[in-house]
Each structure stands twice: as C-alpha cells, then as structure tokens.
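Structural overview
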Amino acid sequence: MSFEPKTFQYLLNVRERNGAGFLVLIDPDKYDEHTLVRFAADAQTFGADAILIGGSVMVSYRLDDFIRRVKSVVSIPVVIFPGSVMQVSKEADAILWLSLVSGRNPELLIGSHVVAAPALKELGLEPISTAYMLVESGQTTAAGFISQTLPLPRHKPEIAAAHALAAEYLGMKIAYLEAGSGAERPVPEEMVYAVSQTVSIPVIVGGGIQSPDEARRKVDAGASFVVVGNAFEHRRDTAYLRDMIEAVHIKLPRDV
Ligand code: 1GP
C-alpha cells in the first residue's frame with residue numbers, strides 16, 4: 001500500500017493560506033479526560049491547524065483511546081509526534097516520521113523505523129518524513145537524555161542549515177528544530193532564519209515557546225509551523241491560547 005500524503009498536503013495548504021501554521025502539542029500524560037476534550041475543542045475553535053499527540057511514557061493501547069477522544073471533538077488533523085516506537089495508532093491521521101538527524105545514534109536514524117514501518121503499513125497511517133534536530137537550549141532535555149545524543153550548538157546556525165539541507169536531499173519532507181519541551185531557551189531566530197533560507201521544505205520550530213511575541217518571532221524568521229505544548233499545560237486560559245494562535249497566522253515578509 002502506498003500512502004496518499006493527505007495530511008502533509010493539508011499542512012502545505014495551511015502554510016500557503018496563513019503564511020504559517022500553529023500546531024498544538026498535547027501530551028496525554030498531562031491531561032485528564034475532561035480537560036483534554038475541552039482543550040482540544042478550544043484549540044480548534046481558536047484556529048489551531050492540527051493537533052500533535054506525543055509524550056515520552058505513553059504506550060499505544062492508551063494512545064488509541066486518547067486519539068479517539070480528541071477526534072470526537074475536532075475535525076482538524078491529529079498527528080502522532082512519537083516519543084517511542086510504541087506510539088503508533090490507526091486512529092491518527094498521520095505520524096511525524098522522525099529521524100533524529102542532529103544525532104549519530106543509528107537506532108534513532110533508522111533502527112526504530114525498521115521496527116515500526118510494518119505496523120504503519122498495516123494500520124494505513126500516513127508517515128510524514130521529518131528531519132528532527134535537537135538544538136542546545138541550556139539544559140539537558142528529556143529528548144537529549146533519552147536519545148543519548150548531542151544537540152546542535154545553538155550559536156552555529158550554519159551547522160543546523162547543513163543538517164537540514166542534507167535531510168532535504170535525502171528526501172525528507174519537513175525540518176523540525178527542537179529546543180526540547182519546556183526548554184528555558186527556544187531555538188534562536190538566527191538559526192530558524194538560516195535553516196529556512198537554506199532549504200525549500202517547511203521548517204517546524206518548537207520547544208519552550210511561551211508568548212505570542214516569541215511565536216511570532218519564529219514566524220518572522222522563517223518558521224512554517226510553530227509547536228506549543230508545555231506553556232498550555234501551565235496556563236490554561238483561552239485568551240492566551242487564542243493570542244498564541246493569532247500571532248502565528250499572519251503573512252509577513254521573510255526579511256529579518
Ligand atoms: C516539544 O517542540 C515541542 O517537543 C513543544 O515544546 O512543550 O516546550 O511547547 P513545548
């Protein structure tokens with residue numbers, strides 16, 4: 001079976017229409033059933049373009065149930081952002097098929113993919129090939145520790161750009177610059193700019209983004225999508241959610 005890239009095409013359309021897209025990250029371990037359903041519905045109401053679902057400790061039998069609940073209240077795509085090979089589900093619209101290209105851990109470049117690929121085929125889950133790049137954020141992040149890899153140095157944008165370009169030439173569809181969930185320092189604008197000027201694939205930026213201004217700066221620097229998760233776990237108010245999303249949905253010149 002080959003996959004029609006429906007969700008990927010949807011994301012490209014979002015970028016075309018809005019200049020950039022807003023992706024809400026929900027970690028199932030951080031929401032109870034009631035809060036989850038309300039938050040997902042609010043995210044769609046205020047214009048989120050898709051919901052990413054992922055976490056480091058969740059396992060798939062819970063994931064099915066969780067995604068079903070989210071999909072019962074939203075019509076925007078629900079995309080798995082996998083923390084491990086266990087996180088696949090037929091209930092999702094797609095999965096970010098992450099290869100940790102910033103590191104040199106063969107398991108996370110190709111090994112886990114070999115284990116999970118037959119399950120994707122069986123489930124009919126659309127993979128969106130994504131070059132995942134961890135960026136130094138001042139502290140050891142969960143992703144850095146679990147993957148046992150070194151992040152990209154934050155003040156070397158040209159190194160990040162070379163990684164993203166190599167990934168594009170390998171056929172990957174998206175470049176994801178990741179400071180780590182709850183990072184003290186998000187990915188610097190200089191790096192977002194360098195990467196987005198170098199590659200022609202969309203650039204996702206996430207990790208530690210806490211304010212609408214911060215989110216907007218990533219878009220001004222060239223991000224096609226901004227991901228926010230942690231900030232909403234700490235501040236569950238709808239005006240904040242709306243302001244974050246609106247800050248990203250503005251077409252702007254790419255010059256900085
Ligand atoms: C984490 O990039 C995502 O993997 C989003 O980060 O949770 O800090 O918003 P936050």
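Our subject is the structure that appears above.
Residues numbered from 1 in each chain as written. Predicted model: local features only at pLDDT ≥ 70, side-chain atom pairs only at ≥ 80, totals over all residues. Heavy atoms only, no water.

A few points about the nonpolar core
- Within the largest apolar cluster, 61 residues are counted, with the highest numbers of intra-cluster contacts made by Phe 22, Ile 26, Val 70, Leu 177, Val 195, Val 226 and Phe 232.
- Among the elements that make up this core, the one with the highest residue count is helix α10 (residues 238–248) (five residues).
- Setting aside its immediate chain neighbours within four residues, Leu 177 contacts Met 133, Val 135, Val 187, Met 191, Val 192, Val 195, Val 203, Ile 204, Val 205 and Gly 206.
- Formed by 21 residues, the second largest nonpolar core is a distinct cluster that contains Val 79, Leu 96, Ile 128 and Phe 225. (Core = buried A, V, L, I, M, F, W, Y, C linked by side-chain atoms within 4.5 Å. Buried < 20%, exposed > 50% of the residue type's maximum accessible area, 1.4 Å probe, protein only. Helix = DSSP H or I, 4+ residues; strand = E, 2+ residues; numbered from the N terminus. Contact = heavy atoms within 4.5 Å.)

Comments concerning the packing of aromatic side chains
- As enumerated under the stated definition, the model contains seven aromatic pairs in all.
- Look at Phe 39 and Phe 232: their rings are 5.6 Å apart centre to centre, the planes differ by 50°, and that puts the pair in the tilted class. Taken together, the residues Phe 39 in helix α2 (residues 33–45) and Phe 232 in helix α9 (residues 230–234) connect sequence positions 193 residues apart. Each member of the pair, Phe 39 as well as Phe 232, carries the same accessibility label: buried.
- Judged by centre distance (5.3 Å) and plane angle (5°), the ring pair of Phe 81 and Tyr 176 falls under stacked. Residue Phe 81 is located in the loop between β3 (78–80) and β4 (94–100), and its partner Tyr 176 is located in strand β6 (residues 174–178); the two are separated by 95 residues in the primary sequence.
- Judged by relative accessible area, Phe 81 falls into the buried class, the value being 9%.
- Members of the aromatic cluster, connected to one another through ring pairs, are Phe 22, Tyr 31, Phe 39, Phe 232 and Tyr 240.
- The ring of Tyr 240 carries the charged tip of Arg 235 above its face, separated from the ring centre by 4.0 Å.
- Over the ring of Tyr 31 we find Arg 236; its NZ or CZ atom is 4.3 Å from the centre of that ring. (Phe/Tyr/Trp six-rings, centres within 6.5 Å; stacked < 30°, edge-to-face > 60°. Lys NZ or Arg CZ within 6 Å of the ring centre and 35° of its normal.)

Concerning the site of the ligand
- Around the ligand lies a shell of 14 residues, among which Glu 178, Ser 181, Gly 182, Gly 208 and Gly 229 are the nearest.
- Within the complex, the protein chains bury 96% of what would otherwise be the 310 Å² of accessible surface of the ligand.
- Only β6 and β8 (225–228) provide two or more residues apiece to the shell around the ligand. (Near = heavy atom within 4 Å. Areas by Shrake-Rupley, 256 points an atom, 1.4 Å probe, with all protein chains shown as cover.)

Examining helix α6 (residues 157–169)
- For α6, which comprises 13 residues, the first-to-last C-alpha distance of 18 Å matches the rise-based estimate of 18 Å (1.5 Å per residue) to within 8%.
- Those residues of α6 that are buried are in contact with β5 (126–134), β6 and α7 (189–198).
- Two residues or fewer past α6, Gly 171 is found with a positive phi of approximately 100°. (Expected span 1.5 Å × (residues − 1).)

Description of the packing of helix α8 (residues 212–220) against α10
- Remark: α8 packs on α10, axes separated minimally by 8 Å, with the N-to-C direction vectors making an angle of 20°. By the angle class used here, α8 and α10 are roughly parallel. Once α8 is placed against α10, the crossing between them reads as right-handed. Here α8 contributes Pro 212, Ala 215, Arg 216 and Val 219 to the contact with α10, which in turn contributes Tyr 240, Asp 243, Met 244, Ala 247 and Val 248.
- Each residue belonging to the contact of α8 with α10 can be placed in one class, and the counts come to seven nonpolar, no polar and two charged. (Axes fitted to C-alpha atoms, helices over the stretch in contact; angles between N-to-C directions. Parallel < 35°, antiparallel > 145°, perpendicular 65-115°, else oblique. Left-handed = near helix turned anticlockwise from the far one by under 90°. Nonpolar A, V, L, I, M, F, W, Y, C, P; charged D, E, K, R; others polar.)

Section: the pattern of salt bridges
- With the rule as written, the count across this model stands at 15 salt bridges.
- Two residues, Asp 27 and Lys 30, come together in a salt bridge whose shortest N-O distance is 3.5 Å.
- Exposure remark for Asp 27: the relative accessible area of 11% places this residue in the buried category.
- Taking relative accessible area as the criterion, Lys 30 reaches 43% and is therefore assigned partly exposed.
- Note that Arg 62 is salt-bridged to Asp 29, the shortest N-O span being 3.2 Å. One end of the pair, Arg 62, is in helix α3 (residues 60–71); the other, Asp 29, is in the loop between β1 (21–26) and α2, and 33 residues separate them in sequence. (Salt bridge = Lys/Arg side-chain N within 4 Å of Asp/Glu carboxyl O.)

Concerning the sheet that holds β4
- Taking strand neighbours around the barrel as the criterion, the eight strands line up as β1-β2-β3-β4-β5-β6-β7-β8 in a closed arrangement whose pairing is parallel. Each strand axis lies, on average, 30° off the axis of its neighbour in the sheet, ignoring direction.
- Where β4 meets β5, seven bridges bridge the pair, whose relative direction is parallel. Each bridged residue has a counterpart across the sheet, and for Leu 98 the counterpart in β5 is Thr 130.
- Across the face of the sheet, α2 comes into contact with β1 and β2 (50–53) while running at roughly 175° to β1.
- Its contacts with the sheet place α10 against β1 and β8, and it is angled at close to 140° to β1. (Pairing = 2+ DSSP bridges.)

Focus on the pairing of β2
- Side chains Ala 50 and Leu 52 project from β2 onto one buried face, and the interleaved Ile 51 and Ile 53 project onto a second face that is buried too.
- Two elements, β1 and β2, share four bridges in a ladder whose sense is parallel. Bridging from a neighbouring strand, Val 24 pairs with Ile 51 of β2.
- Tracing the backbone out of β1, into α2 and back to the parallel element β2 gives a crossover that is right-handed. (Right-handed = clockwise from strand over helix to strand, strands pointing away.)

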